Amino acid sequence: MTTRRDLLKGAAAGVAAGLLGPSLLTKTALAQGTVEPAADGVWKITGSHWGAIRARVDRGKVAEVVPFEDDQNPTDMYKGIHGLIYNPSRIKYPMARVDWLKNRKNSDRTQRGDNRFVRITWDQALDLFYEELERVQTEYGPWALYAGHTGWRQTGQFHSCTNHMNRAVSMHGNYVKKVADYSTGAGQTMLPYTLGSTEVYSQGTSWPLILDNAKVIVFWANDPKKNLQVGWTCETHGSMKYLDELRDKVAAGEIRVISVDPVKTKTANHVGAEHLYLNPQTDVPFMLGIAHTLYNEGLYDKDFIGTYTLGFDDFIQYVQGKADDGIEKTPEWAANICGVDADTIRAFARLMAANRTQLVYGWALQRQQHGEQPYWMAAVLASMLGQIGLPGGGISYSHHYSGVGVPTSGAAMPGAFPLNLDLGMYPEHDSENFNGASRVIPVARWVDCLLNPGEQINHNGNKVTFPDIKMCVFTGCNPFHHHQDHNRMREAFRKLETVVTVDYSWNATCRHSDLVLPACTQFERNDIDGYGAYSNSGVLAMHQLVDPLFQSKTDFEIFTELTHRFGRNKEYTRDMDEGQWLRFLYGECKKANEGKFDMPEFDQFWEEGIVRFPEGKPWVRHADFRKDPELNALGTPSGFIEITSRRIEGYGYDDCGPYPKWFEKAERSHGGPGSDKHPLWLQSCHPDQRLHSQMCESDEYRETYAVQGREPIYMSPEDAAARGIADGDVVRVFNDRGQLLAGARVSDNYPQGVVRIHEGAWYGPVDASIGALDTYGDPNTLTMDVGTSQLAQATSANTCLVEMEKFEGPLPPVTSFGGPTEV
Amino acid sequence: MITKLKNLALSFWRVMSKPATKISLGVLAFGGFLTGIVFWGGFNTAMEMTNTEQFCIGCHEMRDNVYVELQDTIHYTNRTGVRATCPDCHVPHNWSHKVARKMQASKEVFGWVFGTINTKEKFEAKRLELAQHEWARFAANNSLECRSCHNYDSMDWEKMSPAAKFYMQPASERNVGCIECHKGIAHHLPINDSGVNPILAKVEQGATSQTLEEGKQYFVVKPIAIYEDEDLTKQAGTLSYAAPVKVIEKKDDKVKLQLKGWRKDKGFGRVYHSDFGKNIRVAVMEKDPAQNPDLISVGLSQNDPATGLDWSEVTVEFWAKEGAFIPDVATLWNAAGEIYSSNCSTCHAQPDPAHFDANSWPAQFNGMVGFTSMDPSTQALVLTYLQLHSSDYAEGTH
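Predicted model, so just to flag it, every value in this text is computed and none were measured.

What counts, and at which threshold
- Residues numbered from 1 in each chain as written.
- Chains lettered and ligands numbered in written order.
- Predicted model: local features only at pLDDT ≥ 70, side-chain atom pairs only at ≥ 80, totals over all residues.
- Heavy atoms only, no water.
- Helix = DSSP H or I, 4+ residues; strand = E, 2+ residues; numbered from the N terminus.
- Rg over C-alpha atoms; globule rule 2.2 N^0.38 Å.
- Buried < 20%, exposed > 50% of the residue type's maximum accessible area, 1.4 Å probe, protein only.
- Areas by Shrake-Rupley, 256 points an atom, 1.4 Å probe, with all protein chains shown as cover.
- Lys, Arg positive; Asp, Glu negative; His and termini not counted.
- Charge placed at Lys NZ, Arg CZ, Asp CG, Glu CD.
- Pairing = 2+ DSSP bridges.
- Contact = heavy atoms within 4.5 Å.
- Axes fitted to C-alpha atoms, helices over the stretch in contact; angles between N-to-C directions.
- Buried area = accessible area lost by both parts, 1.4 Å probe.
- Salt bridge = Lys/Arg side-chain N within 4 Å of Asp/Glu carboxyl O.
- Polar contact = N/O pair within 3.5 Å; in protein donor to acceptor, adjacent residues only side chain to side chain.
- Domains from an automatic or database assignment.
- Patch = residues over 30% accessible without salt bridge, like charges linked within 9 Å, V, L, I, M, F, W, Y side chains within 5 Å.
- Phe/Tyr/Trp six-rings, centres within 6.5 Å; stacked < 30°, edge-to-face > 60°.
- pLDDT = per-residue confidence, 0-100.
- Core = buried A, V, L, I, M, F, W, Y, C linked by side-chain atoms within 4.5 Å.
- Left-handed = near helix turned anticlockwise from the far one by under 90°.
- Nonpolar A, V, L, I, M, F, W, Y, C, P; charged D, E, K, R; others polar.
- Expected span 1.5 Å × (residues − 1).
- Bend = angle between axes of the 7 residues up to and from the residue.
- Disulfide = S-S within 2.5 Å.
- Parallel < 35°, antiparallel > 145°, perpendicular 65-115°, else oblique.

Structural notes on the overall build of chain B
A tally of helices and strands in chain B yields 16 helices and 10 strands. Whereas a compact globule of 398 residues would reach a radius of gyration of roughly 21 Å, chain B reaches 28 Å, over 25% beyond that. A burial count over chain B gives 39% of its 398 residues as buried. Surface exposure of chain B reaches about 22,100 Å², of which carbon and sulfur atoms provide 59%. Each charge class in chain B was averaged separately, 40 positive and 46 negative side chains, and the resulting centres sit 9 Å apart.

Shown next, in the form of structure tokens:
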């Protein structure tokens, strides 16, 4: 194992010395003794999406990982961190796809995905990267480069790879960017029209106030116990204790919790919730039935509707069957679609109206075709109940995310390495000519964009014209996990001349790239992070545990060296090294907190590992609006809750009207379209033992949940029995879009007609062909790639039907892990 | 202490007022010449003595306040070891100006004798006034003392950081005095030790020395109270960031201003917006004044088809204090733009301001701003910036 010192010696003698200048080589010393190569058996502190940890480093290797003692409810996933650092899928060297290295833009792209790569040097790799950027900007223009596709970078504010890549590539030239994301695309586009905020990433009412005031809590397609394990910055797991308190209150009969979900969730089991089953994708009919009851039984809050909302009358005409389709949305009508009997619908409506009721929605609902509708309809229901802005009442779309509901301390968190060019900096290629195409595309439609350049689509009231993309740059994100319909993606990727990916592990996006650069993991660099994405509980030191493995480098080094190729490295780094940047970011944070929160000098902070801020005051979402809707107007066009949106009406879309409506789906189980051929609804929700696709490569941890080495598919005993499948069998899951192998897990938590594969399972095709069998079980091999509607154009991953069978015959080996085939 | 000074002056006057009796004219003249040389040298030596850092920080007022602040700045320690001491910046280098400045300094001796700033609290209370004197002096000589070391002609733009060049090059073309942008470079700014964003603090600082002229338009740099009466006793409301106002009348440091805006008919009509149908806030009125026809003239109501709400144009006249207005709103937008791009790019690339329209920005902004460290006041500014640079106002966007 090379130590950092050896590496530095080598670098000093080599080309890198001249390149990096003296700064990286001499000034890196942070606090004495922490940056230096680890002394044997030293405990260090760092953070991650999975929480803060202490790690024992022994002879330059991470020997032991334990949760940070402040974390009262650590996730089990900390056990996967060791394997995330040490596993055969780590990218060891810069690699180039065989035929691309020979023929570059004229390469045989049908070979893309065959995983055959050649090892090259860093100098070669960065020269190639630079040459391709240069070629695309000069031969085509900014419209041909797509570098804005980013995601859940590793934690750490300085080393954020999203920021490094964007800043470096922006210094070279302009490029096509994205808007929205795969998690909340429909919600964040829809809710501004209704509630005047994206809501999905907003701080919610504090848990203590919910627990003290709510009599009924409805978890609607929401599984916080599962999803609160991970956070956008270092997660504190501060919200978990409230789920325990809720469990005790349920047991004591103080609060009723109802879980509206096809599946009995982890949260429902944990808190002892009542399970209200409904057919998948039928939440809107169910809610319309509730609205019908509230209206016709006079249970809705007329004052609230009159004071705080607009457009109720138009909507209620639709409910009453006096407008639009002319169908009265009675509970009986709803029951027919959603599978909940009419009396239960009525009883549920009465229960919510009679009690202080907190509605808590998950994101799965809006990750389906017409995903705008259930979110809009939920806001209408909450308005009819009239409890928006009351403690323990109203609506939330975020309590399952990153510790929402833990009161915010109010302290400023550290900033980040700049993503943007500094004021007065301009790209080398400053052309702004996008050839008549849009420079920003809705992210979930980017494969459409590859396949149909020049096509014009509607999006959120505007027209988007797809640019003719020739080259992509990815870092810290894995589109070959999060985008739908991998076979369609494979077809689209054949259109790309060059794909450059920077990552630390060889995921399916690397497999489909042309040039792959090895970044190190966050455990191999020094950084700082906010502790608690919403609670702002502290500032955390992220001590480098070990030296970058193999030939990997920090993103900072990689992009410093890239920008050096066009003479802009000093501007890129602002002539500061890692240590100087950390001191700078910490110093700015300290300054911002001056007079409000004490922070020690940097060296003391670094030594102690954390600065803690006291918990903030409990807070109620929308309370200010309720108090004075004029001064504290919502961000909707009118400033009020818009039950009917004239703006959306003005767009004239046939798949998203002036008020929330029921639209039949392209595929729907339980008697819906396509269920005769593929009867099972596949839900691909966020995993319980990963963060999206991160940590899937952690071999030892994956073994704790994989079934015969495959990703689990959860199913009901009935569906298993009907197909002769036993728990532990390998099954083939398929539809007209693709096929995959997965390991059967039979569970009473699943109703008939519903199966689940967690997203983030690594795609492992048997070969480069379109339609190839996925050997591990990525659900996005099977999902449908259509926009939610012309409004959001977001992902519709949860509109997906499949069939499955027991897999007979010789099992193909799993190809997802272990890196490329070196040629 | 006063009696001491008085006695000294009296005895000196007695000697000097006696006529000469036994000395020849030649001796007197030559002696006078010699004495002149000695005194001239002595005077200059003495004056130069008062022109040292040692002298300046001899008083604890300077040593404990501004001198400490200087020590954290680049003018005190830097990689080349060139230090600017107190007189380098605060005393004119040209002799006659220097003498004039030294004569003005009698006021400082007075202050020292009477202890006007001899405690930290007294100093802070006087800081704005003291700073304004220095800024006015720098403004009058176009930052002459700075320029004895820094010269536009000697600046190599290519060696400058892009951000510095962005501001410096245009400034050089207009020969802008250094202090106009670099207030607070050596000592703390009078306002802003806590709370106000430092970028904004500079803009606010600039407004403190802006004199308003009748009939001209200005923009408010921060939310300020507005009043019904010229004695500023009855608050009418609060102006929001960048609200455009016209000066109707001036009385000392008070101004009568006129604001035009639009309000929604639903509600109490307390919130004024910049344009019809646009939720861009320019003022929030108190409850009673909002309904006072003597104060506010209301135009005809119009229906906004985008929401179905009726809006009316309003004109209101009110009194406010000078010191928070600037003639060119661009400086405020530069500050807001910088705050936006640095705060909203820590997690993702920030959308272009023209990506959304004015009425869509509040929802986008409110949904994400919790992730930033912006205080509520800065949030209000940045939102207004985004709305006024949204697709409704930017050219050539969708």
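Next, the rest of the story.
Overview of the overall build of chain A
The secondary structure content of chain A amounts to 29 helices and 30 strands. For chain A, the C-alpha radius of gyration of 26 Å lies close to 28 Å, the compact-globule estimate for 823 residues. Taken along its principal axes, the extent of the C-alpha atoms in chain A is 85 × 60 × 55 Å. Approximately 25,300 Å² of chain A is accessible, and the part contributed by carbon and sulfur atoms is 48%. If the 80 positive side-chain charges of chain A are averaged to one point and the 104 negative ones to another, these points end up 2 Å apart.

Here we look at the sheet that holds strand E17 (residues 471-475) of chain A
All names here are of chain A. With respect to topology, 7 strands assemble into an open sheet ordered E6-E17-E18-E19-E4-E5-E30, the strand pairing being mixed. Both edges of this open sheet fall to strand E6 (145-146) and strand E30 (821-822), since each of them pairs with a single strand only. Across 5 bridges, the pairing between E17 and strand E18 (residues 498-503) is parallel. If you follow Phe474 over to E18, its bridge partner there is Thr501. Here helix H5 (residues 122-139) sits on the sheet in contact with E6, E17, E18 and strand E19 (515-518), set at roughly 130° to E19.

Here's the deal with the interface of chain B and chain A
Residue-level contacts link 41 residues of chain B with 47 residues of chain A. Contact between chain B and chain A buries roughly 3,500 Å² in total, counting both sides, with carbon and sulfur atoms accounting for 54%. It is Pro162, Lys266 and Phe371 of chain B in chain B that bury the most area against chain A; as a group they hold 16% of the surface buried on that side. At the boundary of chain B with chain A, the tally comes to 2 salt bridges. In this structure, Arg647 of chain A engages Asp357 of chain B in a salt bridge whose closest nitrogen and oxygen atoms are separated by 2.4 Å. Viewed at the interface, chain A and chain B are joined by 17 residue pairs in polar contact (both at pLDDT 80 or more). At the level of secondary structure, the elements contributing two or more residues to the side of chain B that touches chain A comprise helix H10 (162-173), strand E7 (281-285), helix H14 (330-343) and helix H15 (361-368) of chain B. Here the side of chain B that touches chain A takes 6 residues from H15 of chain B, the largest share from any one element.

Some words on the domain arrangement of chain B
The figure often quoted for interface size is the accessible area lost as the parts come together. Residue and element names in this part refer to chain B. Split into domains, chain B comes out as domain 1 (207-326) and domain 2 (330-388). For domain 1 and domain 2, the distance between their C-alpha centroids amounts to 23 Å. The partner domain 2 presents 12 residues to the 9 residues of domain 1 that form the contact. Both faces combined, the contact of domain 1 with domain 2 buries some 880 Å², and carbon together with sulfur accounts for 65% of it.

Some words on a nonpolar patch on the surface
A grouping of Leu423 and Tyr426 of chain A together with Phe166 and Tyr167 of chain B is seen on the molecular surface, where their side chains present a nonpolar patch of about 370 Å² in accessible area. You can see Tyr167 of chain B is positioned in helix H10. A relative accessible area of 38% places Tyr167 of chain B in the partly exposed class.

Quick look at the packing of aromatic side chains
For the structure shown, the criterion picks out 59 aromatic pairs over all chains. Plain terms: the ring middles of Tyr146 of chain A and Trp446 of chain A are 5.4 Å apart, the flat faces sit at 35° to each other, and that makes the pair tilted. Linking Tyr146 of chain A in strand E6 with Trp446 of chain A in helix H18 (residues 446-451), this pair joins segments that are 300 residues apart in sequence. Taken as a pair, Tyr146 of chain A and Trp446 of chain A share a single burial class, namely buried. Geometrically, the ring pair formed by Tyr534 of chain A and Phe371 of chain B is tilted, given 4.8 Å between the ring centres and 55° between the ring planes. Of the two residues, Tyr534 of chain A is situated in the loop between strand E20 (527-531) and strand E21 (538-542) and Phe371 of chain B in the loop between H15 and helix H16 (376-388); the pairing between them involves two chains.

A word on the confidence of the model for chain A
This prediction gives chain A a mean pLDDT of 94; 95% of its residues lie at or above 70. Per-residue pLDDT stays below 50 along residues 1-29 of chain A; that stretch engages in 32 contacts with residues further than four places along the chain or on separate chains.

Some remarks on the nonpolar core
Residue and element names in this part refer to chain A. One finds Trp220, Phe286, Ile290, Phe315, Phe348, Tyr361 and Tyr397 to be the most contacted residues of the largest nonpolar core, which totals 101 residues. Element by element, the count of residues in this core is highest for helix H17 (residues 372-385), at 10 residues. Residue contacts for Tyr361: discarding those within four places in its chain leaves Trp220, Asn222, Met287, Tyr375, Ala378, Leu381, Ile395, Ser396, Tyr397, Ser398 and His400. Ranked by size, the runner-up nonpolar core spans 79 residues in total, among them Phe480, Val502, Leu517 and Leu562.

Things to note about the packing of helix H12 (residues 283-296) of chain A against helix H16 (residues 342-354) of chain A
Residues and elements named next belong to chain A. Between H12 and H16, whose axes approach to 9 Å, the crossing angle comes to 65°. Remark: the crossing between H12 and H16 carries right-handed chirality. Contacts between H12 and H16 involve Phe286, Gly289, Ile290, Thr293 and Leu294 on the former and, on the latter, Ile345, Arg346, Phe348, Ala349, Met352 and Ala353. Residues of the contact of H12 with H16, tallied by class, amount to 8 nonpolar, 2 polar and 1 charged.

Observations regarding unusual backbone geometry
Located in the positive-phi region is Gln793 of chain A, a residue other than glycine, with phi close to 50°. For Gln793 of chain A, the location among the structural elements is in the loop between strand E28 (754-756) and strand E29 (801-806). Even without being glycine, Leu232 of chain B reaches a positive phi, approximately 55°. When you line up the elements, Leu232 of chain B lands in the loop between strand E2 (224-227) and strand E3 (235-239).

Structural notes on the pairing of strand E5 (residues 254-264) of chain B
All names here are of chain B. Taking burial as the measure, the 11 residues of E5 include 8 buried ones, the bulk of the element. Two elements, strand E4 (residues 244-251) and E5, share 5 bridges in a ladder whose sense is antiparallel. Residue pairing for E5: Lys250 is matched across the bridge by Val255. As consecutive antiparallel partners, E4 and E5 are separated by 2 residues, and within that stretch Asp252 has a phi angle of approximately 55°, a positive value.

Digging into helix H8 (residues 120-140) of chain B
All names here are of chain B. Taking 1.5 Å of rise per residue, the 21 residues of H8 would be expected to cover 30 Å, and the 29 Å separating its terminal C-alpha atoms lies within 8% of that figure. Of all bends in H8, the biggest is about 50°, found at Arg127. Every buried residue belonging to H8 is among Phe123, Arg127, Ala131, Glu134, Trp135, Arg137 and Phe138, and all of these are buried. Along its buried surface, H8 packs onto helix H4 (60-70), helix H5 (86-90), helix H6 (95-104), helix H9 (144-147), helix H11 (179-182) and helix H12 (198-208). Positive phi shows up at Asn142, right after H8, with a value of about 55°.

Here's the deal with the sheet that holds E21 of chain A
Residue and element names in this part refer to chain A. Strands sit in the order E20-E21-E22 across an open sheet of 3 strands; the sheet is antiparallel. Edge strands, defined here as strands with exactly one partner in the open sheet, are E20 and strand E22 (610-612). Adjacent strand axes in the sheet meet at a mean angle of 20°, parallel and antiparallel pairs treated alike. Relative to E22, E21 runs antiparallel, the two being bridged by 3 bridges. When the sheet's bridge partners are listed, Gly538 is paired in E22 with Arg612. Those strands touched by helix H24 (residues 578-593) are E20, E21 and E22, and its axis lies near 30° from that of E20.

As for the state of the cysteines
One covalent bond between the sulfur atoms of two cysteine residues makes up a disulfide. Residues and elements named next belong to chain A. Inspection of every chain in the model, using the stated rule, returns 0 disulfides over all chains. Summary of cysteine pairing: Cys472 is not part of a disulfide, and the nearest cysteine sulfur, belonging to Cys449, is at 8.8 Å. For Cys472, a relative accessible area of 0% corresponds to the buried category.

Some details on the packing of helix H15 (residues 331-338) of chain A against H16 of chain A
All names here are of chain A. As a packed pair, H15 and H16 sit with axes 8 Å apart at the nearest point and diverge in direction by 115°. The orientation of H15 with respect to H16, classified from their angle, is roughly perpendicular. Note on packing geometry: the crossing formed by H15 with H16 is right-handed. Facing H15, whose interface residues are Pro331, Glu332, Ala334, Ala335 and Cys338, H16 presents Ala342, Ile345 and Arg346. Classifying every residue of the contact of H15 with H16 by side-chain character gives 6 nonpolar, no polar and 2 charged.

Brief notes about the side chain of Asp503 of chain A
Residue and element names in this part refer to chain A. With respect to the helices and strands, the residue Asp503 is situated in strand E18. Although buried, Asp503 forms no salt bridge, and the nearest oppositely charged side chain, Arg90, lies 8.2 Å from it. Beyond its immediate chain neighbours, meaning those up to four positions away, Asp503 contacts Ile91, Gly476, Cys477, Cys510, Leu517, Pro518 and Ala519.

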